[in-house]
Amino acid sequence: MKKIHTLLILIVAFVLTGCGVYSFTGASVPPEAKTVSVQYFPNNANLVYPMLSSMLTNTLRDYFMNQTTLSEVANNGDLAIEGEIVGYETAPTAITGDQTAALNRLTITVNVRFFNRFDETKNFEQKFSQYEDYPSSQDLNSVQETLSNTIVEKLCEDIFNKAVVNW
């Protein structure tokens, strides 16, 4: 029984290593890729939250550094990401019986361009959008940092998954 168990572990190990670079985060990075570059995301939205560009850019960089073995370079990485923030909006989402909003929704939209130097079929340009709801009794200024952080985390996960997780 012990030999069968050991054999099974060896087979699984060979299968996983035979499919390119595999990580337990699910990232499938081409074995020849060694670097990633994430350019600054300017805020081109009509409503501008000044901290958002830095927040998004840094979180996306951290995402790739923490979940892959790629090294960060300023420009021309083997994998390259660039884009811009194109939407930052708040709108009522849940209307009560007396026609007032019970909840408001903050939505952030980013346009992303991804380039894979080794496999151009993986290149894409896509808009990603995420939101968080907050009580209408709260002023956006009092919750916007927390909401923006949460939304940026979701956006970075979506971008990362689209770029290097082939699920």
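Higher on the page you've got the structure.
Residue numbers here run from 1 along each chain, matching the order of that chain's written sequence. Under the rules for a predicted model, residues below a pLDDT of 70 receive no local features and side-chain atom pairs below 80 are neither given nor counted, while totals for whole chains, interfaces and linings still include all residues. Neither water nor hydrogens contribute to the side-chain values; these are computed over all heavy atoms in the structure.

Q: In this structure, what is going on with the overall build of the chain? I would like to understand it.
A: Assigned secondary structure in the chain consists of three helices and seven strands. Along the chain, helices and strands appear, N-terminal first, in the series α-β-β-β-α-β-β-β-β-α. Going through the 167 residues of the chain one by one, you find that 38% of them count as buried. For the chain, long-range pairs separated by at least 24 residues make up 65% of all intrachain contacts whose partners lie at least 6 apart in sequence. Where helices and strands are cited, they refer to DSSP runs of H or I of at least four residues and of E of at least two residues respectively, numbered from the N terminus. Working definition: with a 1.4 Å probe on protein chains only, accessible area under 20% of the residue-type maximum means buried, over 50% means exposed, and in between means partly exposed. Whether two residues are in contact is decided by their heavy atoms: any pair within 4.5 Å suffices.

Q: Help me understand the packing of aromatic side chains in this model?
A: Between two aromatic rings, the relevant description is the distance of the centres plus the angle of the planes. Only rings of Phe, Tyr and Trp enter the pairing, Trp through its six-membered ring, and a pair is recorded when the two centres are within 6.5 Å. The plane angle decides the type: under 30 degrees is stacked, over 60 is edge-to-face, the rest tilted. Applying the stated criterion across every chain yields a total of five aromatic pairs. With a centroid separation of 5.3 Å and an interplanar angle of 55°, the aromatic rings of tyrosine 63 and phenylalanine 160 are classed as tilted. A residue pair is termed long-range when its members are at least 10 positions apart, and tyrosine 63 in helix H2 (residues 52–67) and phenylalanine 160 in helix H3 (residues 140–164) qualify at 97 residues. Across the pair, exposure class does not vary: tyrosine 63 and phenylalanine 160 are buried alike. A ring pair is formed by phenylalanine 114 and phenylalanine 124, whose centres lie 5.4 Å apart and whose planes are at 25°; its orientation type is stacked. Taken together, the residues phenylalanine 114 in strand E6 (residues 101–116) and phenylalanine 124 in strand E7 (residues 124–135) connect sequence positions 10 residues apart. Given a relative accessible area of 1%, phenylalanine 114 falls into the buried group.

Q: Can you help me understand the packing of H2 against H3 in this one?
A: A pair of packed helices is captured by two measures, namely the crossing angle of their axes and the spacing between those axes. The contact between H2 and H3 brings their axes to 9 Å, and the two run at 45°. By the angle class used here, H2 and H3 are oblique. Like other packed secondary-structure pairs, H2 and H3 cross with a definite hand, here right-handed. Judged by residue contacts, Leu52, Met55, Leu56, Thr59, Leu60, Tyr63, Phe64 and Gln67 of H2 engage Ser148, Asn149, Val152, Glu153, Cys156, Glu157, Ile159, Phe160, Ala163 and Val164 from H3. Polarity classes work like this: nonpolar for Ala, Val, Leu, Ile, Met, Phe, Trp, Tyr, Cys and Pro, charged for Asp, Glu, Lys and Arg, and polar for all others, with Gly in that last group. Classifying every residue of the contact of H2 with H3 gives 12 nonpolar, four polar and two charged. Each axis is a line fitted through C-alpha atoms, and for a helix only the stretch in contact is used; angles between axes span 0 to 180 degrees, taken between their N-to-C directions. Convention used here: angles under 35 degrees read as roughly parallel, angles over 145 as roughly antiparallel, angles from 65 to 115 as roughly perpendicular, and any remaining angle as oblique. For any pair of crossing helices, the crossing counts as left-handed if the nearer helix is rotated counterclockwise from the farther one by less than a right angle, and right-handed if it is rotated clockwise.

Q: Is there a simple way to explain the side chain of threonine 107 in this structure?
A: Examined against the element boundaries, threonine 107 turns out to sit in strand E6. Discounting residues that sit within four places of it in the chain, threonine 107 has contacts with Gly87, Tyr88, Glu89, Ser129, Gln130 and Tyr131.

Q: Before we go on, may I ask you to explain the sheet that holds E6 in this structure?
A: Sheet strands pair by backbone hydrogen bonding; their relative direction is either parallel or antiparallel. One requirement defines pairing of two strands: DSSP has to find at least two bridges between them. Spatial ordering of the open sheet is given by E4-E3-E5-E6-E7, a layout of five strands whose pairing is mixed. Strand pairing shows two members of the sheet lacking a second neighbour, strand E4 (71–72) and E7, which therefore form its edges. Pairing of strand E5 (residues 79–95) with E6 involves 15 bridges; the strand directions are antiparallel. In the sheet register, isoleucine 85 faces E6, and the bridge partner there is valine 110. Strands in contact with H3 are E5, E6 and E7; relative to E7, the strand with the most contacts, it is inclined by about 150°.

Q: Would you explain the nonpolar core in this entry?
A: One broad trend across soluble globular proteins is that nonpolar side chains are buried collectively. By nonpolar core we mean a set of buried residues, namely Ala, Val, Leu, Ile, Met, Phe, Trp, Tyr and Cys, connected to one another through side-chain atoms within 4.5 Å. Leu60, Phe64, Leu79, Ile81, Val110, Val112 and Val164 are the most contacted members of the largest nonpolar core, which has 38 residues in total. For this core, the element with the highest residue contribution is H3, accounting for 11 residues.

Q: I'm lost on unusual backbone geometry in this one. Help?
A: Peptide bonds are trans in most cases, and residues, glycine excluded, mostly fall at negative phi. With a phi angle near 55°, asparagine 76 is a residue other than glycine that sits in the positive phi range. On the secondary structure map, asparagine 76 appears in the loop between E4 and E5.

Q: Please clarify how the pairing of E5 should be interpreted in this entry.
A: Side-chain positions along a regular strand alternate between the two faces of the sheet. In this structure, strand E3 (residues 35–38) lies alongside E5, joined through three bridges in parallel fashion. Each bridged residue has a counterpart across the sheet, and for valine 36 the counterpart in E5 is leucine 79.

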